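Geometric and topological summary
Now for the letters of each chain:
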Amino acid sequence: MKAVVLATVCFALVAAGACQDAKDIISRAVRSQPALRYKGVRTVDVVVDGKPVRLVEIVSRDRDRSRTTYPADSPRKGFVIVDTPRDRWEYNAERNEVRRLPGRRPDHMMLREMIRSLAEGRMQAVAEDPESIAGRRARRVRVSDPRGNTMRRLWVDASGMILKSEQFGPGGRKLAGFVFTRIDLNPTFAADEFDRPGPKDARVIDRPPSFGVEWRVRSPEWLPENFSEVGRGLRRLAGRPVVMMHFSDGRKNFTVFQGQGAAPPNLGREDGRPGMADASRAFDGLWFVGIGRVEKSTLERVLKSIK
């Protein structure tokens, strides 16, 4: 009996140590993000229109600036993406067109939110066995919800560089991920590496994309103080296109979904995650749903401001 009790205590102590180790690894990644400088090649897995897509990206990063290009055999051949704190530039070589978008939310902001979720018990993290990624030793961290469902896996090296990441949805379905196959942490950059991409005669479109959907994409006319749009995306739910708008103040965030119809498809709100609020609205043949870590009244006001 004493042996069983002792084994249970030891297991608990080991688990606690693994959890603290995981938080330390994520904290190291947060501290390192703003200073990272590298050039590398990574494979990216995403879901587009309900189908898995794998892309190879060639990435340069100098602290808060990055540039992404694609190989000659890529379906995104000719695309160039440059991110800066203020702007995101997307160059389409086929159209000789540059689209200017708001700057995206920094990676370390999302990691800081993960640490807050761990501290508040909304997530759990455990450090697992190390692996070799792009020739570097990386410690694997598994992040799960309070019920033990895996939400994220991260592989972080001693420099704080995230060499591999995987994101999972309900039922363990993989939603997105990336893994570096080559990495140079002592790079040399060209003088114009992070300038606006494309030739000088490229047409500049200074507005968010409409994604070619059948309705006019609507945007909120009111946002909470210090919030701004940090990105847009398009996905398909129940076979219908859905536009997503992401908003953040660097600490909290929420997403507004919109699509055609009298009612939205299942957006997974039944998860009931602690700290998450949601609100909905329908008008003019469209539905809108707001989900995020803000007050429900805030989401309702945001949705009511959409015209």
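Basis of the calculations
- Residues numbered from 1 in each chain as written.
- Predicted model: local features only at pLDDT ≥ 70, side-chain atom pairs only at ≥ 80, totals over all residues.
- Heavy atoms only, no water.
- Helix = DSSP H or I, 4+ residues; strand = E, 2+ residues; numbered from the N terminus.
- Buried < 20%, exposed > 50% of the residue type's maximum accessible area, 1.4 Å probe, protein only.
- Contact = heavy atoms within 4.5 Å.
- Areas by Shrake-Rupley, 256 points an atom, 1.4 Å probe, with all protein chains shown as cover.
- Core = buried A, V, L, I, M, F, W, Y, C linked by side-chain atoms within 4.5 Å.
- Pairing = 2+ DSSP bridges.
- Axes fitted to C-alpha atoms, helices over the stretch in contact; angles between N-to-C directions.
- pLDDT = per-residue confidence, 0-100.
- 1 Å grid on protein atoms, 1.4 Å probe; cavity = no way out; pocket = protein on both sides within 12 Å on 5 of 7 lines; lining within 4 Å.
- Points joined across faces, edges and corners; volume = space filled by probe spheres on them.
- Nonpolar A, V, L, I, M, F, W, Y, C, P; charged D, E, K, R; others polar.

What follows covers the overall build of the protein. The number of helices and strands found in the protein is three helices and 17 strands. Out of the 307 residues in the protein, the part that is buried amounts to 42%. Within the protein, contacts between residues separated by at least 24 positions form 47% of all contacts whose residues are at least 6 apart in sequence. On the protein, roughly 16,800 Å² of surface is accessible, and the fraction owed to carbon and sulfur atoms is 50%.

Before going further, it helps to spend a moment on the nonpolar core. Counting 18 residues, the largest nonpolar core has Trp 215, Val 217, Phe 247, Phe 254, Val 256, Leu 299 and Leu 303 as its most contacted members. Contributing elements (two or more residues each) for this core: strand 14 (240-248), strand 15 (253-260), strand 16 (277-283), strand 17 (286-292) and helix 3 (296-304). Within the second largest apolar cluster, 17 residues are counted, among which are Ala 29, Ala 127, Met 151 and Leu 154.

It is generally the case that most residues other than glycine have a negative phi and that most peptide bonds are trans. Even without being glycine, Arg 63 reaches a positive phi, approximately 60 degrees. By secondary structure assignment, the location of Arg 63 is in the loop between strand 2 (51-62) and strand 3 (65-69). The class of Arg 63 is partly exposed, set by a relative accessible area of 43%. Backbone geometry at Asp 284 places phi at a positive 55 degrees, although glycine is not the residue there. Residue class for Asp 284 comes out exposed when judged on its relative accessible area of 56%.

Here the focus is the sheet that holds strand 14. The strand order 13-14-15-17-16 describes an open sheet built from five strands, whose pairing is antiparallel. Looking at which strands have only one partner, the edges of the open sheet turn out to be strand 13 (228-237) and strand 16. Taken over all neighbouring pairs, the strand axes of this sheet differ in orientation by 20 degrees on average, direction set aside. As judged from the seven bridges shared by strand 16 and strand 17, these two strands associate in the antiparallel manner. Bridging from a neighbouring strand, Phe 283 pairs with Leu 286 of strand 17. Set on the sheet, helix 3 makes contact with strand 15, strand 16 and strand 17; between it and strand 16 the angle comes to about 25 degrees.

Before going further, it helps to spend a moment on the confidence of the model for the protein. Per-residue pLDDT for the protein has a mean of 84; in total, 87% of the residues score no lower than 70. Within the protein, no element has a lower average pLDDT than helix 1 (residues 2-32), which sits at 63, and none a higher one than strand 3, at 96. Confidence drops under a pLDDT of 50 for residues 2-15, and excluding neighbours within four residues, the segment shows zero contacts in the predicted structure.

Turning next to the layout of surface pockets. Computed from the structure, the second largest pocket encloses a volume of approximately 200 Å³. In terms of lining residues, the second largest pocket is bounded by Glu 113, Arg 116, Glu 120, Arg 122, Arg 251, Lys 252, Asn 253, Gly 275, Arg 293, Val 294 and Glu 295. In terms of residue class, the lining of the second largest pocket is built from one nonpolar, two polar and eight charged.

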